[in-house]
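Observations on chain architecture
Listed below are the residues making up each chain.
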Amino acid sequence: MHEKKIAELIQRKNQLLADTGYSILNQSPLPYGKKLFIQKNNEKAALVIYWSQKKGYSFVLEGNLSTGDELISLFRGEEIKKLSGMEGFVQYVGMDESGKGDFFGPLVAAGFFLDKNENINLAKIGVKDCKKLSNSQTLEIAEFLRKEYPNHIRYYCMMPQEYNEKYAQFSEKGLKLNSLLGSMYSYLIENFESSGTKPDGYLIDRFGDEKFVIKNLSKKISLKMQIQAEADMAVAAASIIARGVFLEKMTELSQLLGADIPLGAGSPVDLFAKKIIQPLSVEKQKLYVKLHFKNYLKLLK
């Protein structure tokens, strides 16, 4: 059974591999798997593909290949979309967020509309999970996507002042951050639905239960949430858009403060906040940071 499953996967991926510059030089059978000897440009490596009834496909890269993550993503993408129900859709929206774990800056949710009939080769552009890209690469690809595919993109950038107000409103109702993020995704979905694009469905990188999104919608849609959904190209594109907007806004806030704001919520952030944010009034602090973070409680001590 595994021979047939792996052979079918390779056949489905042949054209995509060729389009992104990969050549399969040779194949070697293994117990419960197959080893592919692959070349891109002047680099060579081996990709081992396993399949089992219980776990599905798994991949192991042998050798040094600078685009190894991209290669594995190319193979994983279709399988993840299959598990999520996206494989039957001609057009759908991938969605992701950025800034949820950052003390400074906005929370950004984004969606990218992918129509398979348009034959957009996102992998060739360099699209992958933004966590696998440098900030400069993310900004470059995000700018390209926003320029070339403006009608495919929607994003909601909630700056700290609005974020703090909305978070307080949700907290009064006993709701937490996932409800706030769900409302942002709902806003984007309503926007896509009213724009004439008519997606077959939506795929979101899982952050909680589907109810956080569905309860805010005015009509029924096909919605899937998937762990590590960034392996899907539409979700990866959305992750880049969201991160790109987040980084741009962080640059703007840094310019207002006259100092480069560190990312995340670790000790460098605490040191920066104590030096730069603590002397400001509460009203000014609300313009830069998320007040419910533990980092803010440290400032009050």
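Refer to the structure printed above.
Everything numeric here is computed off the predicted structure, so don't read it as measured data.

Observations regarding the overall build of the protein
- Summing up its helical and strand segments, the protein has eleven helices and nine strands in all.
- For 301 residues, the compact-globule estimate of 2.2 N^0.38 gives 19 Å, and the C-alpha radius of gyration of the protein, at 21 Å, lies within 12% of that figure.
- With respect to the three principal axes, the spread of C-alpha positions in the protein is 65 × 45 × 40 Å.
- Looking at the 301 residues of the protein, the share that counts as buried comes to 50%.
- A sequence separation of at least 24 residues applies to 62% of the contacts in the protein between residues at least 6 apart.
- Entry remark: accessible area of the protein is about 15,300 Å², with carbon and sulfur atoms responsible for 50%.
- For the protein, the distance from the average position of its 42 positive side-chain charges to the average position of its 35 negative side-chain charges is 5 Å.

Notes on the environment of Leu-257
- On the secondary structure map, Leu-257 appears in helix α8 (residues 233–257).
- Once the C-alpha coordinates of Leu-257 and Ile-277 are considered, the two residues, 20 residues apart in sequence, prove to be 8.9 Å apart.
- Residues within four places of Leu-257 in sequence aside, it is in contact with Phe-272, Ile-276, Ile-277, Leu-280 and Tyr-288.

Notes on the nonpolar core
- Ranked by size, the top nonpolar core spans 89 residues in total, and within it Ile-49, Phe-104 and Leu-145 carry the most contacts.
- The element best represented in this core is α8, accounting for 14 residues.
- Beyond its immediate stretch of four places on either side in the chain, Phe-104 contacts Phe-246, Met-250, Ile-261, Pro-262, Val-269, Phe-272, Ala-273, Ile-277, Tyr-288, Val-289 and Lys-290.

Thoughts on the side chain of His-2
- Mapped onto the secondary structure, His-2 falls in helix α1 (residues 2–19).
- Residue class for His-2 comes out buried when judged on its relative accessible area of 14%.
- Excluding residues within four positions of it along the chain, His-2 makes contact with Leu-30, Tyr-32, Gly-33 and Trp-51.

Quick word on the sheet that holds strand β6 (residues 107–115)
- Spatial strand order, β7-β6-β5-β8-β9: five strands in an open sheet with mixed pairing. A single partner strand is all that each edge strand has here, and the edge strands are β7 (153–158) and β9 (223–226). Taken pair by pair, the neighbouring strands of this sheet meet at an average axis angle of 20°, ignoring direction.
- In this sheet, strand β8 (residues 202–205) lies alongside strand β5 (residues 91–98) in parallel orientation, the contact comprising three bridges. Bridging from a neighbouring strand, Met-95 pairs with Ile-204 of β8.
- Packing of α8 onto the sheet brings it into contact with β5, β6, β7 and β8, and relative to β5 it is tilted by some 35°.

Conventions used here
Every chain begins its residue count from 1, and numbering advances along the sequence as written. Selection of residues for local features in this predicted model requires a pLDDT of at least 70, selection of side-chain atom pairs for listing and counting requires 80 or more, and totals for whole chains, interfaces and linings are taken over all residues. With hydrogens and water excluded, all non-hydrogen atoms of the structure serve as input to the side-chain values. Helix and strand assignments follow DSSP, with helices taken as H or I runs no shorter than four residues and strands as E runs no shorter than two, numbered in order from the N terminus. We compute the radius of gyration from the C-alpha atoms alone; for a globule the expected value is 2.2 Å times N to the 0.38, where N is the number of residues. Burial classification: accessible surface area is computed with a 1.4 Å probe over protein chains only, and a residue below 20% of its type maximum counts as buried, one above 50% as exposed, and the rest as partly exposed. In this analysis, two residues are considered to be in contact whenever any of their non-hydrogen atoms come within 4.5 Å of each other. Here the open area of atoms and residues is found with the Shrake-Rupley method and a 1.4 Å probe, where only the protein chains shown may cover a residue. Charge counting treats Lys and Arg as positive and Asp and Glu as negative, with His and both chain ends excluded. Just so you know, the charge point we use is NZ for Lys, CZ for Arg, CG for Asp and CD for Glu. Side-chain atoms within 4.5 Å are what join buried Ala, Val, Leu, Ile, Met, Phe, Trp, Tyr and Cys residues into a set we call a nonpolar core. One requirement defines pairing of two strands: DSSP has to find at least two bridges between them. Angles here are taken between N-to-C directions and fall from 0 to 180 degrees, while the axes themselves are lines fitted to C-alpha atoms, restricted in helices to the stretch in contact.

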